[in-house]
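Chains, contacts and geometry: an overview
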Amino acid sequence: MLVTNSEVTVRYAETDQMGVVYHANYLVWCEIGRTELIEKLGFRYAEMEKVGVLSPVTNIQLSYKAPAKYGETVVVRTWIEEYNGIRVTYGYEIVNENGDTCVTGQSEHVCVNKNTFRPIHIKKRFPDWHEAYEKHKK
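Only a predicted model underlies this, so the values are computations on that prediction, with no experimental measurement involved. (Residues numbered from 1 in each chain as written. Predicted model: local features only at pLDDT ≥ 70, side-chain atom pairs only at ≥ 80, totals over all residues. Heavy atoms only, no water.)

**Overview of the environment of glutamate 97**
Positionally, glutamate 97 belongs in the loop between β5 (87-95) and β6 (101-110). On the basis of relative accessible area, glutamate 97 is assigned to the exposed category, the value being 51%. For the pair glutamate 97 and valine 74, spaced 23 residues apart in sequence, the C-alpha separation works out to 5.9 Å. If we ignore the near neighbours within four places in the chain, the residues touching glutamate 97 are Glu72 and Thr73. Polar side-chain contacts of glutamate 97 include one of 2.9 Å to the backbone nitrogen of threonine 73. (Helix = DSSP H or I, 4+ residues; strand = E, 2+ residues; numbered from the N terminus. Buried < 20%, exposed > 50% of the residue type's maximum accessible area, 1.4 Å probe, protein only. Contact = heavy atoms within 4.5 Å. Polar contact = N/O pair within 3.5 Å; in protein donor to acceptor, adjacent residues only side chain to side chain.)

**Re the pattern of salt bridges**
Scanning the model with the defined rule gives 6 salt bridges in all. The partner of arginine 87 in a salt bridge is glutamate 108, and the shortest N-O contact between them spans 3.3 Å. In this pair, arginine 87 is assigned in strand β5 and glutamate 108 in strand β6, connecting sequence segments 21 residues apart. We note a salt bridge from lysine 137 to glutamate 134, for which the minimum N-O separation is 3.2 Å. (Salt bridge = Lys/Arg side-chain N within 4 Å of Asp/Glu carboxyl O.)

Have a look at this one:
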């Protein structure tokens, strides 16, 4: 199982008046982690989009455990939790510099035809991605 570790420095604009990260910013950090994971596997979303395939989020779940604060560096750990050839579930853990888990969660994605939004089979359309996902899923 491949796990990437993406560092993010908490910017002032990402926090509330108390210096605590606003909850929606964790979603952006998960996307940073997911993109890095895909790139470590040797792929890019842009490649999919060029051939008319998108990968929308169909479900997302985050559990907030401890605050991340302005000025800290957090690590976004990302992995492939589940994969079935059509649907991909990514797992996340965001940890602050004290080693405290701030957030855990998952996001679910389905690859779809850009024009129809009908799901596609990754195995058939992107066999290299399929092989990498099978090899590196949990």
